[in-house]
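Okay, here's what each chain looks like letter by letter:
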Amino acid sequence: QVQLVESGGGLVQAGGSLRLSCAASGRTISNVAMGWFRQAPGKERDFVASIPRSGGVTIYANSVKGRFTISRDSAKNMVYLQMNNLKPEDTAVYYCATRIAGSGNYDQWGQGTQVTVSS
């Protein structure tokens, strides 16, 4: 079982940037696809971005396309989410997760990191 810990959240003004990190321990995540999700107060958790296990095409929610970039460093067992041109509607708790091989479902989750964007 893998443990995931997100960091890098905080308070930022609209138009600003943040870089979220997801550190994995317990086993390598180099052979699994990873995703970022977010949950705003009173709302369901939504997909933000995903990255395959090696190379391949990254996928983004329409709401963040062109502003967010997901990446990974397999040597460090890390996944990142670079967020630029942040908007108040990006305010949420952000989670990273591992994807179950051969499916669109995610099974291991971190505890989340809060991102707050002020207008």
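Conventions and cut-offs
Residues numbered from 1 in each chain as written. Predicted model: local features only at pLDDT ≥ 70, side-chain atom pairs only at ≥ 80, totals over all residues. Heavy atoms only, no water. Pairing = 2+ DSSP bridges. Helix = DSSP H or I, 4+ residues; strand = E, 2+ residues; numbered from the N terminus. Axes fitted to C-alpha atoms, helices over the stretch in contact; angles between N-to-C directions. Core = buried A, V, L, I, M, F, W, Y, C linked by side-chain atoms within 4.5 Å. Buried < 20%, exposed > 50% of the residue type's maximum accessible area, 1.4 Å probe, protein only. Contact = heavy atoms within 4.5 Å.

Enquirer: Report on the sheet that holds strand S1 (residues 3–7), specifying residues and quantitative values.
Expert: Reading across the sheet, the 4 strands line up as S1-S3-S8-S7 and stay open at both edges, with antiparallel pairing between neighbours. In this open sheet, the two edge strands, each paired with only one partner strand, are S1 and strand S7 (68–73). Averaged over all pairs of adjacent strands, the angle between strand axes in this sheet comes to 15°, irrespective of strand direction. Where S1 lies against strand S3 (residues 18–25), 5 bridges are found, and the strand directions are antiparallel. Of the residues in S3, the one forming a bridge with Ser-7 is Ser-21.

Enquirer: Explain the nonpolar core to me, using residue names and the numbers behind them.
Expert: Membership of the largest hydrophobic core comes to 28 residues, with the highest contact counts inside it found for Trp-36, Leu-81, Met-83 and Tyr-94. Mapped onto this core, the elements with two or more residues apiece are S3, strand S4 (34–39), strand S5 (45–51), S7, strand S8 (78–83), strand S9 (92–99) and strand S11 (113–118). The greatest single-element share of this core, amounting to 4 residues, is contributed by S3. With residues up to four places along the chain from it excluded, the contact list for Leu-81 reads Leu-18, Arg-19, Leu-20, Trp-36, Val-48, Ala-49, Phe-68, Thr-69, Ile-70 and Tyr-94.

It is worth stressing that arrangement in space is one thing and function is another; only the former is reported here.
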